[in-house]
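So the chains spell out like this:
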Number of protein chains: 2
Amino acid sequence: MAIGDSVRRVDGPSKVTGRARYTGDLTLPGMRWAKYVRSPIAHGRVTRIDTSKALALPGVDAVFTFQDVPDVLFPTAGHPWHLDPGHRDVADRVLLTGHVRYHGDEVAVVVARDELTAEQAVRLVEVDYEELPVVTTPQAALAEGAPKLHPGGNLLKSHRFACAPPGASVSDPQELLAQADVTVSGSYHTPIVQHCHLENHVAYAYMEDDKRITIVSSTQIPHICRRVVGQALSIPWSRVRVVKPCVGGGFGAKQDVVLEPMVAFLTWKLGGLPVKLELTREECMLATRTRHAFDITGKLGVTREGRITAISLEAFSNSGAYASHGHSIASAGGAKCPSLYPRAAFEFAASTVYTNLPVAGAMRGYGSPQVHFALDCLVEQAARELGMDPVELRLANVGLPGETNPLNKRVITTHGISECLRTGRDAFGWERRRAAIDAHNAAGGPLRRGLGVANFSFNTGVYPVSTELGGARLIMNQDGTVQLMVGATEIGQGSDTVFAQMAAHVLGIPMSHVNVVSTQDTDLTPFDPGAYASRQTFTCAPAVKGAAEQLRERILAHAAAMTGRDAATLDVRDAVVVCGDEALASLEEVSMDAFYHKDRGAQLFGECSHKVTANPPSFGCTFVEVEVDVPLCRARVVDILNVHDAGVLMNPKLAEGQVHGGLAMGVGWALSEEILVDQRSGKVLNNNLLDYKVPTCLDMPELSALFVQTQEPSSAFGSKSLGEPPLLSPAPAIRNAVWDATGVRVDEIPMTPKVLFKHFKAAGLL
Amino acid sequence: MAIGDSVRRVDGPSKVTGRARYTGDLTLPGMRWAKYVRSPIAHGRVTRIDTSKALALPGVDAVFTFQDVPDVLFPTAGHPWHLDPGHRDVADRVLLTGHVRYHGDEVAVVVARDELTAEQAVRLVEVDYEELPVVTTPQAALAEGAPKLHPGGNLLKSHRFACAPPGASVSDPQELLAQADVTVSGSYHTPIVQHCHLENHVAYAYMEDDKRITIVSSTQIPHICRRVVGQALSIPWSRVRVVKPCVGGGFGAKQDVVLEPMVAFLTWKLGGLPVKLELTREECMLATRTRHAFDITGKLGVTREGRITAISLEAFSNSGAYASHGHSIASAGGAKCPSLYPRAAFEFAASTVYTNLPVAGAMRGYGSPQVHFALDCLVEQAARELGMDPVELRLANVGLPGETNPLNKRVITTHGISECLRTGRDAFGWERRRAAIDAHNAAGGPLRRGLGVANFSFNTGVYPVSTELGGARLIMNQDGTVQLMVGATEIGQGSDTVFAQMAAHVLGIPMSHVNVVSTQDTDLTPFDPGAYASRQTFTCAPAVKGAAEQLRERILAHAAAMTGRDAATLDVRDAVVVCGDEALASLEEVSMDAFYHKDRGAQLFGECSHKVTANPPSFGCTFVEVEVDVPLCRARVVDILNVHDAGVLMNPKLAEGQVHGGLAMGVGWALSEEILVDQRSGKVLNNNLLDYKVPTCLDMPELSALFVQTQEPSSAFGSKSLGEPPLLSPAPAIRNAVWDATGVRVDEIPMTPKVLFKHFKAAGLL
């Protein structure tokens, strides 16, 4: 059936032909353009703001400053609401601010009849600032006498946890580290990067009456967006309607509510006029969200035989000027590790700190890439200290099916990491390459080669931190095809396609008979909080299944009424109701009768809203070969392979695409991408795609993906997470390979020529 | 509770502030404009068509002629599909034609970047015609040697039925007429009129992939429109999506599929480009739909004591150039009479005939106004012959509760016409006015006064002629408010408001907690064929009720899970879950828990699709006083009152508004409105609102409405039809009053000065 087939994307034709419409492709007559007046400094207070020249410009409808907005603090993180007030997001934003906290902060907004006029008006708004001292690192922000960015101080939150395998005789990680045969340690730094989704942030809003606001937005999270706008404007949530057209990528930057409260505020103030706010790439990189830079120190204890006994990590997470997802990132990054090495004790401490930098938020991996980078560096170091093959060291320590996660005490039902490592080692030709590389490097010369491996564990959704609710509705058309509505959002990852596969599978119809309604609309769409935490295929599946089973039951009941058969004897195969081998009626015939028979039947539909209370970990690893040009200080990936245990694959081709994307993003994070900030002024230096180096196709090696399919019993169709995982292990694997190639241990990324030069110089290679 | 209250319209603020968006208010970037090239003659064949000059005009994208469209005949009538092929609508249209059959017929279509360019290009299309003989009346069209408009000839269809009260000793109407003490007869003519809805016909279409077409249209019948477009383009119905925004009136003209197949064809041919087609008022009046002109001859037999024994009517219905709703109009007009006088035998024969006139289709009343006009003229004549008060004659003959409709043999459970007549007679001051008028007229002078009465029966929906299916879905928002989706279409009549009342009533919440989703979208909306046959309040009510009951049950079940109570002991009052007098939780609290509790609950919703298999008749009457200026040949309505048995009123203020609208339309039909056609050429002379006389507010008397509320047991909330009925009796009542005032029997409408002059002259008054 449809599940497990590499069917083509349901949105493929619309996207490759350019017929798909994104938020920027939509308009309304009379639409106005809004533009922010942004702070040119990273920290200060507005001492004077004069909008008169801007207001005098023909075509300008309005200028609002920080003095005109509601005095309401609201959060922006795309988390589901929490019934416990202690678990809600930090509310530290206002719509516009007079206390600017980063280079790009928003002090005013201009509304004009067109984009050009709005840009001109922005330049006519006069603002004077009193500059305040700038802090750019957690260390500086926590230092005595540091400027206070928010009333509560600069420490957003910190926490610590420790756990040990059930029944361990010694469970204190520090004690175990002290007892270990070999202890390795290090300090690691990961950079600020930006998501660089194809489609910039864009949203518009309008009103159709005096009460409710409609927002059309490129968002991953329409239902959460609705709630946050309600909070920001202090209106009931139901007064906000959010519509999500096609979205050109998000990677977490659209899991924050960035523009929507402002466009809602503007239409509200302007009598319901449609107002659009579309960021430039430069604004998007400066003033939406970034990935948190982490500073991590870590220790790992291991026995002489290679049994990892304890791991201890301490992380500082740089939040930038506002909380956004806050400490959740660091917290999640730590909490996802114990399922990888469940026989080791694990200790994790983390602090998230405000600084005068662009605001960090959710980004693919959500803290795990940073934490796993440190962890894999430590494991590599241990292998080298022990003289052990790094794959072997991992195989000796990763969890086995049926083992218990020492942190949450849950049994890990599917645990395919050992098989991933073995499959990858064989497929990548680890031994063969080892020999070839050793020979190559022994021959000397400027080009050195090396091998690296890294592995990870991740989660599938957010339960039990937050609620996991998915919703789906199916209605049958006259011709026997169905409409599938899901609350889960297609943002480019292919979710609409796998939901269509699930529906087709349960209903017994071809894929071509499923029309997915790709636009979510909070007025209509079954509730689902949205695209994040690699959750949708897993958490929405039971709802799709439930809705399809309900529809199938109604189909069979109506077919039974038509034919006089017992519904229990009927089935649907290839869009035909059958009784054993006897074809009774096509679904078109059943549907037509249900619609148009005068006395029996009704429209056939099914709907299901379903909470998931499981969160199985998924696993995987990266194998990589790099070539390092030592004199030029350039590292190049020669070959890279990811192997994943993501449970049963719904669509292998789409799964492969996810892995390719994650590999590419991982290569960029490892080697070239970084938002550069002037450490004195806090000014961002490269918020554009010329100076910020996303790898191009010329920088990419051939990307390879393999899968170890386990059958996860808590999953409706056996699947586990795959959206974020492909990004988790490439960077540490590349770093380990550079060490292997050069003998130089580089504990920071991106490993740009500048960074490698510093390390190679220190190591005496240059 | 909410039902029965005159709550304010849910769409009031949006419409009075101008924030509501209609199809013409919507656009897409790159939208193209289409314009038809119309025939300047009423009958002929295109002998040459040259589009080269139009195509050469800068800004013109394409010109399609009748040679470029699919060779597919399709119907346009807004009827639900029928499983029996014999009951389907006549398919006699192509998208464009080379055989033009009326003045305004469509031979080509131009698509350009803007409206002005499209209009210029239309003028550049060169067309030569071979003119053919023109027929404008059924008589001429059926005459020997008449030009054949369609391959099957000019008689579209004819039928005859007769019925008599159960157990009648003589059941043949003709025999009863021959035996009657008094027999009256006459020949009656009603005019072609046009709906003149505020919003002209407008639609646009676009594609978002290579497969499916989206149409946004001002339509009463999105789901039927979807089907007809599928037929016209020979594609599966599910490939068509129809979206209905706010609609500015339809009155039946938008119960035809007029523009949608063309915009769908154009976007299909133009690579999915959005293409809009917006008719001018002149095009709307010429080339959409009109009300059929009827020629009716009739006989009525009555005993000396005033018992009507038999009625016989023969009608010729002028369909114009195409079938549209075809013979259904005449058929429905006849079939709705027997429930009014169930103790009389009734005979009805009708023929519907093609002519070279604008196309007639559905219009408020759907054949009943024409047939009731003839019937009420005959009853008036009988009263005069018998010297009996016309109200008394009616009271002696109208049905009583529990009597059986002789045609369909169904018991008429609610039959409030006697009470309507008595209530109206008293409220109107029939006796008092009689005396005053007699005195006035006796005093002589040019201004004569008269009284008139007329009455009617109607249906509520179309069962069992076609299926009656309604659908509704409710989803609860976090704040305890609900979204209500219905397939039934708000087109100005107030249906969204009464559905909100029903939902609020069943759920136990205030009206302000119900948000009605007013846009229907065939991809999403529960199925309902649409706004026609005065059906929606009746046929959609069980679906709204069913969805609300399901939601209420889920609310109580979740509240029970939260509180540990037995759900059977719980109720919802004023948006609070109560147990007896104890308030347990607000709906907001219940909904928040259902959404966000991590382990229990889900989104709360309810959906119901429901077939109605009843069709109770509604009844009513008009009382009117007119003043006729005999020398000026002008009749003026002094006072007019409608009294209705529409079952239980959902919203008395909205009901009153429906009656006011119907009265106004009835006054226009009686006195001033007529599409004038040059009988020789078939050319329409007054397709504009200067020359076609819709009554203005200055022409209107004070309009009054009263109601006799019966409790219809087959109705979910006791209601019966009220959309069309107010139009049925004003015109014959006015005609009867003119007779009363002047002694001149006028058997045709509109009674314009020109018509009255002819009759007054013949009668010797002038």
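All figures in this text were calculated on a predicted structure; none of them were measured in a lab.

Some remarks on the pairing of strand β13 (residues 293-302) of chain A
Residue and element names in this part refer to chain A.
- Counting buried positions along β13 gives seven out of ten residues, so the element sits mostly inside the fold.
- Here strand β8 (residues 182-190) pairs with β13 via nine bridges, running antiparallel. Looking across to β13, one finds that His189 is bridged to Asp295.
- Here β13 runs beside strand β14 (residues 308-320); their pairing, made up of ten bridges, is antiparallel. Within β14, the residue paired with Lys299 across the bridge is Ser312.
- Joining the antiparallel neighbours β13 and β14 is a turn of five residues, in which Gly306 adopts a positive phi near 100°.

What about unusual backbone geometry?
- The amide bond that connects A:Tyr463 to the next residue, A:Pro464, takes the cis arrangement and shows omega of 5°.
- Topologically, A:Pro464 is positioned in the loop between β16 (447-458) and β17 (469-476).
- The omega torsion of the bond from B:Ile749 to B:Pro750 falls at 0°, within 30 degrees of zero and hence cis.
- Checked against the element boundaries, B:Pro750 lands in the loop between α19 (730-742) and α20 (753-762).
- You will see that A:Ser324, though not glycine, has its phi angle at about 45°, which is positive.
- Along the chain, A:Ser324 falls in the loop between β14 and α9 (328-335).

Quick notes on the sheet that holds strand β25 (residues 618-629) of chain B
Residue and element names in this part refer to chain B.
- Spatial strand order, β16-β25-β26-β27: four strands in an open sheet with mixed pairing. Two strands lie at the open edges of the sheet, namely β16 (447-458) and β27 (703-707), each paired on one side alone. Strand-to-strand twist of the sheet, defined as the mean angle between neighbouring strand axes without regard to direction, takes the value 15°.
- Bridge analysis of strand β26 (residues 634-645) against β27 gives five bridges, and the strand direction is parallel. Its bridge partner lying in β27, Val643 is registered against Leu706.

Let's talk about the relation of the copies chain A and chain B
- Turning chain A through 180° and shifting it by 0.0 Å along the axis lays it on chain B, with an RMSD of 0.0 Å. This pairing of chains is accounted for by a two-fold axis.
- Taken together, the interface assignments show that 100% of the residues at the interface of chain A recur at the interface of chain B, consistent with an identical surface on both copies.

Remarks on the confidence of the model for chain A
- In this model, chain A carries a mean pLDDT of 97, and residues with pLDDT of at least 70 account for 100%.
- Confidence metrics for the complex model read pTM 0.97 and ipTM 0.96.

Examining the packing of aromatic side chains
- This structure, assessed with the given rule, holds 28 aromatic pairs over all chains.
- Their ring planes at 75° and their centres at 5.3 Å tell us that A:Trp81 and A:Trp237 sit as a pair that is edge-to-face. Here A:Trp81, found in the loop between β3 (60-65) and β4 (99-100), pairs with A:Trp237, found in the loop between α6 (222-233) and β11 (240-244); they are 156 residues apart in sequence, far enough to count as distant. No difference in accessibility class separates A:Trp81 from A:Trp237, as the two residues are buried.
- Counting every residue linked through ring pairs, the aromatic cluster contains A:Phe161, A:Phe346 and A:Phe348.
- Just above the ring of B:Phe428 sits the side chain of B:Arg433; from NZ or CZ to the centre is 3.8 Å.

Scoring rules and cut-offs
Residues numbered from 1 in each chain as written. Chains lettered and ligands numbered in written order. Predicted model: local features only at pLDDT ≥ 70, side-chain atom pairs only at ≥ 80, totals over all residues. Heavy atoms only, no water. Buried < 20%, exposed > 50% of the residue type's maximum accessible area, 1.4 Å probe, protein only. Helix = DSSP H or I, 4+ residues; strand = E, 2+ residues; numbered from the N terminus. Pairing = 2+ DSSP bridges. Axes fitted to C-alpha atoms, helices over the stretch in contact; angles between N-to-C directions. Least-squares fit on C-alpha atoms with pLDDT ≥ 70 in both. Contact = heavy atoms within 4.5 Å. pLDDT = per-residue confidence, 0-100. Phe/Tyr/Trp six-rings, centres within 6.5 Å; stacked < 30°, edge-to-face > 60°. Lys NZ or Arg CZ within 6 Å of the ring centre and 35° of its normal.

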